There are 2 protein chains.
Amino acid sequence: VAAVSDSVHKRSQMAVREEKKQKTRSALLDAALAVMSRGGGFGALGLRELTREAGVVPTAFYRHFKDMDELGLALVEEGCTTLRQILRDVRIEAAGAGSGDLALERSVASFVSYVDAHGAILEFFVRERSGPSLTLRSAITSEQRGFARELANDLRLFSPFGDFSDEDLEIVSELIVNAVVAHLIELLLPADEAPARDVVITSRIEAQIRIILLGAARWRRATTMPVKST
Amino acid sequence: VAAVSDSVHKRSQMAVREEKKQKTRSALLDAALAVMSRGGGFGALGLRELTREAGVVPTAFYRHFKDMDELGLALVEEGCTTLRQILRDVRIEAAGAGSGDLALERSVASFVSYVDAHGAILEFFVRERSGPSLTLRSAITSEQRGFARELANDLRLFSPFGDFSDEDLEIVSELIVNAVVAHLIELLLPADEAPARDVVITSRIEAQIRIILLGAARWRRATTMPVKST
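Residues numbered from 1 in each chain as written. Chains lettered and ligands numbered in written order. Predicted model: local features only at pLDDT ≥ 70, side-chain atom pairs only at ≥ 80, totals over all residues. Heavy atoms only, no water.

## Quick word on the overall build of chain A
So, step 1. Secondary structure summary: chain A contains nine helices and one strand in total.
So, step 2. The secondary structure elements of chain A, listed N-terminal to C-terminal, are α-α-α-α-α-α-β-α-α-α.
So, step 3. Relative to the compact-globule value of 17 Å for 230 residues, chain A shows a C-alpha radius of gyration of 22 Å, a clear excess of over 25%.
So, step 4. Sequence-distant contacts, at least 24 apart, represent 64% of the contacts inside chain A between residues at least 6 apart. (Helix = DSSP H or I, 4+ residues; strand = E, 2+ residues; numbered from the N terminus. Rg over C-alpha atoms; globule rule 2.2 N^0.38 Å. Contact = heavy atoms within 4.5 Å.)

Structure (structure tokens):
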């Protein structure tokens, strides 16, 4: 009995330690966002300022991350994983209900409210996408490709995209992702009238995605542009 | 005669001085790009490093720019003015030849070769678009709106866009500009096989603009999305 109780005790000690470790890791990630939001990009992030903000000793950093780039990559992943899941759920549910319109409207609404709730991490994402760290740039580019790939998969659920080649569907979904991401900078600007602004941007993103989907449905049949000079 | 000769001499002295002033200004702008290309964004740009690079004394800076932001704004303007003119010329010439296809292909080709030839300034543009200086952010955003506005004007030359409302045409042209700008980051990445990469990106941008134009031509008539679940 004593041995079992010992082992239980050990396991619970381990659980506590693991929980504490996760807490410090989160604190470091949050501290990084807080420090960056006071100006200066990821490149200007210093170990001392970061750990002071997180309330841990400088050496504690290395128990969680090999270097600053690894922390940056963790931020990229954290910022994208949840949003990707939300968008996939929305699309699959709407596909089940048989409505492309629903998928479109709910996806855009989910995106805009995600941006409002997670401004700091998306600010980091937008900035480091063209920032000085090539590691972060390529991580962010590949996350964005991941969004496009998942969108392409889900577009197949809707006619006429089921018949599209992978390559064609990739061109369409990349275009949609880029069109949405382009509005991030505007959505992240501090604004006194954010709710009104969000409504305008939401309807603009919706219109632009509609244009893309309408065009994509006709595109494969056309070999030249349909517009002619007047 | 002596008085006239004196005045001619004075004027030529002024011309020389003006020329020298322009030369120093250009040197400062080039130096800013050179310093930034070695890492660190606009926010990290220091007066001493900048003037040393330009080969002038630090105080010379203030004969050309009120502060660093003013230099940044001059860079934004310089990076955009030439490209805007090139794109307008291409579109108007193609409209004269009555070919939307020609306008599209030549515009994309001009854009891609402009990026190849002016990497440093476009790198600055892309980075500061989401950088820490709100002055630069909004200057770059408004340049991008300028591109979209000019594109909207030129789209009117092609059917069916002549009949579009200003607002609808703005949504279409913003979408096109965003779709093109989204490829900037990729075009700016150092690559061993830049020519081959440029061909791939060029055809991708062309396809995406075709999709947008095809969709836009149908869009106003549609109130809901044409896709249905299979």
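Picking up after the structure, the text goes on.
## A closer look at the interface of chain B and chain A
So, step 1. Contact with chain B, which involves 54 residues of that partner, is made by 54 residues of chain A.
So, step 2. Of the roughly 4,900 Å² buried between chain B and chain A on both sides combined, carbon and sulfur atoms contribute 64%.
So, step 3. Scanning the region where chain B abuts chain A turns up six salt bridges.
So, step 4. Put simply, E170 of chain A and R204 of chain B hold a salt bridge, and the shortest N to O gap is 3.0 Å.
So, step 5. Our enumeration of links across chain B and chain A arrives at 16 residue pairs in polar contact (both at pLDDT 80 or more).
So, step 6. Put simply, the parts of the chain that give the side of chain B that touches chain A at least two residues each are α4 (100–117), α5 (119–128), α6 (134–155), α7 (166–181), α8 (184–188), α9 (194–219) and β1 (228–229) of chain B.
So, step 7. Looking at which element gives the most residues to the side of chain B that touches chain A, the answer is α9 of chain B, with twelve residues.
So, step 8. Residues that form the side of chain B that touches chain A fall into these classes: 27 nonpolar, 14 polar and 13 charged. (Buried area = accessible area lost by both parts, 1.4 Å probe. Salt bridge = Lys/Arg side-chain N within 4 Å of Asp/Glu carboxyl O. Polar contact = N/O pair within 3.5 Å; in protein donor to acceptor, adjacent residues only side chain to side chain. Nonpolar A, V, L, I, M, F, W, Y, C, P; charged D, E, K, R; others polar.)

## Topic: the nonpolar core
So, step 1. L71 of chain A together with L71 of chain B are the most contacted members of the largest nonpolar core, which has 130 residues in total.
So, step 2. Apart from residues lying up to four places away in sequence, L71 of chain A is in contact with L28, L29, A32, F42, L45, L50, F61 and F65 of chain A. (Core = buried A, V, L, I, M, F, W, Y, C linked by side-chain atoms within 4.5 Å. Buried < 20%, exposed > 50% of the residue type's maximum accessible area, 1.4 Å probe, protein only.)

## Quick look at unusual backbone geometry
So, step 1. In this structure, the amide linkage connecting S159 of chain A to the following residue, P160 of chain A, adopts the cis form with an omega of 0°.
So, step 2. Mapped onto the elements, P160 of chain A comes out in the loop between β1 (158–159) and α7 (166–181).

## Regarding the side chain of E174 of chain A
So, step 1. Mapped onto the fold, E174 of chain A is located in helix α7.
So, step 2. Discounting chain neighbours no more than four positions away, the residues touching E174 of chain A are A148 of chain A together with H183, R204 and Q208 of chain B.

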